[in-house]
Amino acid sequence: MNGPSIMKPAGGPRAELVAIFEADIVELAQFIAVQSGREPASFESHLRWFLLENPARDPQIPLGCGLRSSQGQLVGCILYVPQTFRFQQQPLPVIGSSCFYVDAHYRGSGGLIFLRYSELGRRWPLFGNSANADAAKLWKARGAVPIPYSDHELVGVLRWEGVIEEELTRRSMPKILARMTSGATAPLVRPFKRLRLEGGRGEDLVLLNSADEVMQLPIHGPAPHLTASRDLRYIRWRYFSGRDTTVAAFAFRNQQIESEVLVTVNQRPRGHRGQIRTLYVLDIYPSVTLEVCTSIAAALAERYRRSIDAIVLRGLDDARQKVFRRLGFLRRQFDAPNGWFLDKSDLLPTRNWYLVPADGDWLI
């Protein structure tokens, strides 16, 4: 990579484009925490795990690049997150992006950070799956292609109180009134908006307690799509590092399938006060039929029925979207696709991806 240089976009303050290394972690965590509203100490711990313990970390690649003001303060960043994918049995290193933030006074320099990141594309394919509408414009300008079906999510609501409260709050109803109204309205809505995930059997999901147990599942055969390499180091890091107590990995088994399927989930609160307890499906592998996919969703709904308010599915193709919407799931459209890949050097052997929310930093 080229050395740092001084940049001053028209009308903007001076900023220096710099590489980010391990020594910058504390400052990096503080900057991102301010930009994203997180708690600095806990986010520093997360970054050390996410960046330094990443099993695909490459010493040749900095942790990211950033902007420093003329006073030396970090005022922008984008992080580089390597991940090993594979096609058939061929491993393929791909560089993901994460935590693309620029201080409001330096927004005119945001394109410079992304340009530096995109220069990695000369040696590695690039992808990102947490882009907002502004970042999506930068991906598109560099010739990137949207990851299929990354422009929406499907939300299956089990309890309506928190969802109704959120909708009323977004319509500018006072928060206290919205909360009171949602409690009275939810029983009226429930009979007409009920999820039709019938026959879910929680016992079809067998909890896996270690990465070694995951590795016993049939997830190692030749991959017909470009997909994450679910090797022992990755599985241990992603699901069994103890960083996220809501993560769970299951072996799904029932009479519809010949062999077990890996299913992974985590939980995140949604809503202005975190009132919607949400279960995210992170991975289903190997790829399953539409019928098995609905059985998995039904089993998850049954297993988590007492502890969640909604289930979120992402990355579903048109046929699956159609069926899940018939079952009562709501489609939530994003402002732009939040998943993109860039391979201008034609380093990938196929464009046929099987990306899941567990890849990159979509729901990490």
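The structure under discussion appears in the preceding block.
Residues numbered from 1 in each chain as written. Predicted model: local features only at pLDDT ≥ 70, side-chain atom pairs only at ≥ 80, totals over all residues. Heavy atoms only, no water.

1. Description of the environment of Arg-238
Residue position: Arg-238 is located in helix α8 (residues 232-239). A relative accessible area of 4% means that Arg-238 is categorised as buried. The spatial distance from the C-alpha of Arg-238 to the C-alpha of Pro-55 is 9.5 Å, given a sequence separation of 183 residues. Once you skip the residues sitting within four places of it in the chain, Arg-238 turns out to touch Trp-49, Val-247, Leu-282, Ala-358, Leu-363 and Ile-364. At a separation of 3.4 Å, a polar atom in the side chain of Arg-238 contacts the main-chain carbonyl oxygen of Ala-358. (Helix = DSSP H or I, 4+ residues; strand = E, 2+ residues; numbered from the N terminus. Buried < 20%, exposed > 50% of the residue type's maximum accessible area, 1.4 Å probe, protein only. Contact = heavy atoms within 4.5 Å. Polar contact = N/O pair within 3.5 Å; in protein donor to acceptor, adjacent residues only side chain to side chain.)

2. What about the side chain of Asn-129?
Position of Asn-129 among the secondary structure elements: in the loop between β6 (126-128) and α4 (133-141). Looking at Asn-129, the relative accessible area reads 3%, which means it is buried. Separated by 2.8 Å, the side chain of Asn-129 and the backbone oxygen of Asp-359 make a polar contact. With residues up to four places along the chain from it excluded, the contact list for Asn-129 reads Asn-338, Gly-339, Val-356, Asp-359, Gly-360, Asp-361 and Trp-362.

3. Quick look at the packing of aromatic side chains
Going through the model one piece at a time under the given rule, you end up with 15 aromatic pairs. Ring geometry for Tyr-285 and Tyr-354: centres 5.9 Å apart, planes at 50 degrees, overall tilted. In this pair, Tyr-285 sits in strand β13 (residues 276-285) while Tyr-354 sits in strand β17 (residues 353-354), placing the two residues 69 residues apart along the sequence. Summarising the burial analysis for this pair, Tyr-285 and Tyr-354 share the class buried. Among the aromatic residues, those joined into a ring-pair cluster are Tyr-80, Phe-100, Phe-114, Tyr-117 and Trp-139. (Phe/Tyr/Trp six-rings, centres within 6.5 Å; stacked < 30°, edge-to-face > 60°.)

4. Description of the pattern of salt bridges
Pairing is possible between side chains that carry opposite charge, provided their charged atoms lie close to one another. All chains considered together, the criterion is met by 25 salt bridges. With a shortest N-O distance of 3.5 Å, Arg-170 and Glu-166 are connected by a salt bridge. Here Arg-170 pairs with Glu-166, and both are found in helix α5 (residues 161-170), just four residues apart, close to one helical turn. When its relative accessible area of 60% is taken as the criterion, Arg-170 is described as exposed. With a relative accessible area of 10%, Glu-166 lands in the buried category. Among the salt bridges present, the one from Arg-230 reaches Asp-283, with a minimum N-O distance of 2.8 Å. Pair noted here: Arg-230 is in the loop between β10 (223-228) and α8 and Asp-283 is in strand β13, with a separation of 53 residues, a long-range link. By the burial criterion, Arg-230 is buried, and Asp-283 matches it. (Salt bridge = Lys/Arg side-chain N within 4 Å of Asp/Glu carboxyl O.)

5. Notes on the pairing of strand β11 (residues 248-252)
Taken across its five residues, β11 has five buried, putting it largely inside the fold. Judged by which residues are buried, β11 turns out to be covered on both faces: Ala-248, Phe-250 and Phe-252 on one side and Ala-249 and Ala-251 on the other are all buried. Judged from the four bridges that link them, strand β9 (residues 205-208) and β11 form a sheet pairing that is antiparallel. Among the inter-strand pairings, Val-206 is bridged to a residue of β11, identified as Ala-251. Looking at chain direction, β11 and strand β12 (residues 261-270) are connected through five bridges and run antiparallel. When the sheet's bridge partners are listed, Phe-250 is paired in β12 with Val-263. (Pairing = 2+ DSSP bridges.)

6. Topic: the sheet that holds strand β8 (residues 152-157)
Spatially, β9-β11-β12-β13-β14-β8-β15 is the arrangement adopted by the seven strands of the open sheet, whose pairing is mixed. Across the chains shown, the open sheet's two edge strands, defined by having one partner strand only, are β9 and β15 (330-333). The mean angle between the axes of side-by-side strands here comes to 35 degrees, regardless of whether they run parallel or antiparallel. Here helix α10 (residues 318-326) sits on the sheet in contact with β8, β14 (310-314) and β15, set at roughly 25 degrees to β8. (Axes fitted to C-alpha atoms, helices over the stretch in contact; angles between N-to-C directions.)

7. Some thoughts on the environment of Ala-336
Relative to the helices and strands, Ala-336 resides in the loop between β15 and β16 (340-342). For Ala-336, a relative accessible area of 17% corresponds to the buried category. Residues Ala-336 and His-152 lie 184 residues apart in sequence; the distance between their C-alpha atoms is 8.5 Å. Once you skip the residues sitting within four places of it in the chain, Ala-336 turns out to touch Ala-133, Ala-136, Ser-150 and Asp-151.

8. A look at the packing of α5 against helix α6 (residues 175-189)
Across the interface, α5 lies against α6 with an axial gap of 8 Å and an inter-helix angle of 135 degrees. When the axes of α5 and α6 are compared, the pair comes out oblique. For the pair α5 and α6, the sense of crossing is right-handed. Side by side, α5 and α6 meet where Glu-161, Ile-164, Glu-165, Leu-168 and Thr-169 of the first sit next to Lys-175, Ala-178, Arg-179, Thr-181, Ser-182, Gly-183, Thr-185, Ala-186 and Val-189 of the second. (Parallel < 35°, antiparallel > 145°, perpendicular 65-115°, else oblique. Left-handed = near helix turned anticlockwise from the far one by under 90°.)

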